[in-house]
Amino acid sequence: MNEHDSERISNLLIRDGYVSSDNALTADVVVLNTCCIRENADTKLYGNLGHLKAIKDEREDFKIVVAGCLAQKDRDLIRKRAPWVDLVVGTHNVSRVATLLEETSTKGPIVEILEESILDQEFFSSPGPRLSLPYSAYVTVQIGCDNNCAFCIVPQVRGKEISRPFGELLGEVRQLAQDGVTEITLLGQNVNSYGRDLTVDARRSGVFDSKIVGEQYLSEEGARLRPLFGDLMREVAQIDGISRVRFTSPHPKDLRPETIEAMASTKEIMNHLHFPLQSGSDRILALMHRGYSAERYLEKLRDARLGIDDLAVTTDIIVGFPGETEEDFEATLEVAASAQYDGAYTFIYSPRPGTEAAAMVDRFIAPEVISDRFDRLKVVIERSALARHEARIGRVEEVLVEGPSKKNPDHMSGRTGQNKLVHFNKEPQFNSAERLGVGSYVEVEITSATPYFLRGRLLNVVRSPRHRRKLQVAAY
Ligand code: 5AD
Ligand code: SF4
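Being a predicted model, the structure only gives us computed values, none of them experimental.

(A) Focus on the overall build of the protein. Along the backbone of the protein there are 15 helices and 17 strands. Each of the three principal axes of the protein carries a C-alpha extent, and together these read 65 × 60 × 55 Å. The burial tally for the protein puts 52% of its 476 residues in the buried class. Within the protein, counting contacts between residues at least 6 apart in sequence, those at least 24 apart form 72% of the total. Counting every atom, the protein has about 22,000 Å² of accessible surface; 51% of that belongs to carbon and sulfur.

In structure tokens:
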């Protein structure tokens, strides 16, 4: 979400005539887009602001912007600790960065934080394709979160859950597809509950607007329940030009059979499910208010695997939630082992101000205990990831090309349908940049595996990219 907001800010500034720069020393504006989901953001922010002060001291017209969650949370504190900051904007008014930046020239420093989530055109104005991957776009389908996980600061900084109108989302994806985007990632804090608020509002008001609930669900009967997230994914997948649909993240308690069914029956919806476990201990899950037990989680996972062919599953796990005992942690190891994940983001519990868990100070776990548990969890995750990746050796995978490999420019990198990173050799006949451009779909035979990526051999170019490309014009 944070990465997406950064791209949104960049795109808005570019539309306003700014050009991107890779050097803060010569740039006119630096935007620090913060995320406060875990600690460290503060330390990093003030460290960076310290460095930027030196530039500001040299050049008065140099502008510093702080945006994102931390800005939302700490608003005035930022200006107090770093008075040389020109603009502080929160998570709900990202779209105003360009305008506000102009205003700082006449009005001086500005702090603008909107308290309430707003649902206006401007907030959601389509950010266009991703800057780094022009064939791919993130589409925010929902903002905010109505859950109250005891560790999580998101509801405080992102506000209540609001779904975007169905018709508007489809219009946005159609436009992206016309611009040559072939991969769409639907984003939401709780993406699988997309539409819940739309139907509740429609029922309450008695107004069943086709743009909001979708034409096909317009009858009052249909609109009582729909559109569901599965409906949205299916419709997005049917748009001409869209080959890959992804989404992140669903909440396990809300994963509906309709979502599994949409994934199972629509080839454009990729066979990857990010399914955040957080803990494998029922006691800790209850303290976290996650709304499921380990058994229920595994049941849902089993249903997903039974329904969806060749499904890759990844997860998020927090180690060291307050009061986590050795027994609780072993339960997490057991669930992780039986879930056979393809990969996991593992986090050390980080107390966030204002959250329920942050008040459980007397139950905080010693750092050395956490660090030991963290390492043990990594072993379990890597074991299943490696096994699942090794099982792919010899298979031919369709890979969407991201570009030259970062480690070895002679190799290319891309992603499989399961979202696995693959590095592959270019055969001599494929050296033409035109044919193997970023955004091409190619077939790669998998030759070896690690817990984090696959290696392979290019067999075939299936489709060339459709997005507009910038031509290099040499200056003479
Ligand atoms: N400490 C550690 N990890 C956290 N996450 C969210 N809040 C915290 C926290 N306070 C993790 C969760 C979530 C992911 C995005 O970040 O695992 O799924
Ligand atoms: Fe945070 Fe829980 Fe909402 Fe996810 S579902 S954003 S972890 S409160």
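Right, picking up where we left off after that structure.
(B) Expanded view of the site of ligand 2. Looking at ligand 2, the residues that line it are C145, N147, C149, F151, C152, V154, P155, Q189, H251 and R290. Here the shell around ligand 2 is built from residues that sort into six nonpolar, three polar and one charged.

(C) Fine view of the site of ligand 1. Around ligand 1, the surrounding shell consists of I37, R38, F151, Q278, D316, I318, F347, I348, Y349, S350 and R352. Take Q278: an N or O atom from its side chain is 2.6 Å from an oxygen atom of ligand 1. One of the backbone nitrogen or oxygen atoms of S350 is found 2.7 Å away from a nitrogen atom of ligand 1. Burial of ligand 1 by the surrounding chains reaches 87%, relative to a free accessible area of 410 Å². Looking at the shell around ligand 1, the elements that each hand over two or more residues are β11 (312-319) and β12 (343-348). Across the shell around ligand 1, the residue classes tally to six nonpolar, two polar and three charged.

(D) A look at the pattern of salt bridges. A complete count under the given rule lists 32 salt bridges for this structure. Where D342 meets R388, a salt bridge forms, and the shortest distance between an N and an O atom there is 2.8 Å. Pair noted here: D342 is in the loop between α14 (326-339) and β12 and R388 is in helix α15 (residues 367-390), with a separation of 46 residues, a long-range link. For D342, a relative accessible area of 4% gives the class buried. With a shortest N-O distance of 3.3 Å, R376 and D372 are connected by a salt bridge. Here D372 and R376 lie together in helix α15, a separation of four residues that amounts to about one turn. Taking relative accessible area as the criterion, D372 reaches 40% and is therefore assigned partly exposed.

(E) Main features of the side chain of T104. Summarising the element assignment, T104 is placed in helix α4 (residues 97-107). Contacts of T104, omitting those with residues within four sequence positions, involve K63, D86, L87 and I110.

(F) The pairing of β12, seen in detail. Across six bridges, the pairing between β11 and β12 is parallel. Across the sheet, the residue bridging to T314 is G343, located in β12. For the crossover from β11 across α14 to β12, the handedness is right-handed.

(G) Looking closely at the UniProt feature "binding site: [4Fe-4S] cluster" (unreviewed entry) in the protein. The UniProt entry lists C145, C149 and C152 under the feature "binding site: [4Fe-4S] cluster" (unreviewed entry), expressed in the numbering used here. With respect to the helices and strands, C149 occurs in the loop between β6 (142-143) and α5 (154-158). Here C149 falls in the buried class, since its relative accessible area comes to 11%. In this structure C149 touches H251, M288 and R290, once residues within four positions along its chain are discounted. Position of C152 among the secondary structure elements: in the loop between β6 and α5. The class for C152 is buried, based on a relative accessible area of 18%.

(H) Structural detail: the sheet that holds strand β10 (residues 272-274). Reading across from one edge, β10-β11-β12 is the order of the three strands in this open sheet, with parallel pairing throughout. The sheet is open, and its two borders are formed by β10 and β12, each paired with just one other strand. Within this sheet the neighbouring strands show an average axis-to-axis angle of 10°, counted without direction. Those strands touched by α15 are β11 and β12, and its axis lies near 175° from that of β12.

(I) Inspection of the packing of aromatic side chains at higher detail. The tally for this structure, following the rule as stated, stands at five aromatic pairs. Consider the rings of Y349 and F364, whose centres lie 6.0 Å apart with planes at 65°: the pair is edge-to-face. Placement of Y349 in the loop between β12 and α15 and of F364 in the loop between β12 and α15 is noted, with a sequence separation of 15 residues between them. Judged by relative accessible area, which is 9%, Y349 ranks as buried.

(J) How the structure looks around the domain arrangement of the protein. Structurally, the protein comprises domain 1 (2-112), domain 2 (126-269), domain 3 (271-391) and domain 4 (396-463). The C-alpha-based centres of domain 1 and domain 4 are spaced at 36 Å.

About the cut-offs
- Residues numbered from 1 in each chain as written.
- Chains lettered and ligands numbered in written order.
- Predicted model: local features only at pLDDT ≥ 70, side-chain atom pairs only at ≥ 80, totals over all residues.
- Heavy atoms only, no water.
- Helix = DSSP H or I, 4+ residues; strand = E, 2+ residues; numbered from the N terminus.
- Buried < 20%, exposed > 50% of the residue type's maximum accessible area, 1.4 Å probe, protein only.
- Contact = heavy atoms within 4.5 Å.
- Areas by Shrake-Rupley, 256 points an atom, 1.4 Å probe, with all protein chains shown as cover.
- Near = heavy atom within 4 Å.
- Nonpolar A, V, L, I, M, F, W, Y, C, P; charged D, E, K, R; others polar.
- Polar contact = N/O pair within 3.5 Å; in protein donor to acceptor, adjacent residues only side chain to side chain.
- Salt bridge = Lys/Arg side-chain N within 4 Å of Asp/Glu carboxyl O.
- Pairing = 2+ DSSP bridges.
- Right-handed = clockwise from strand over helix to strand, strands pointing away.
- UniProt positions renumbered as here; feature names shortened; annotations may be inferred.
- Axes fitted to C-alpha atoms, helices over the stretch in contact; angles between N-to-C directions.
- Phe/Tyr/Trp six-rings, centres within 6.5 Å; stacked < 30°, edge-to-face > 60°.
- Domains from an automatic or database assignment.

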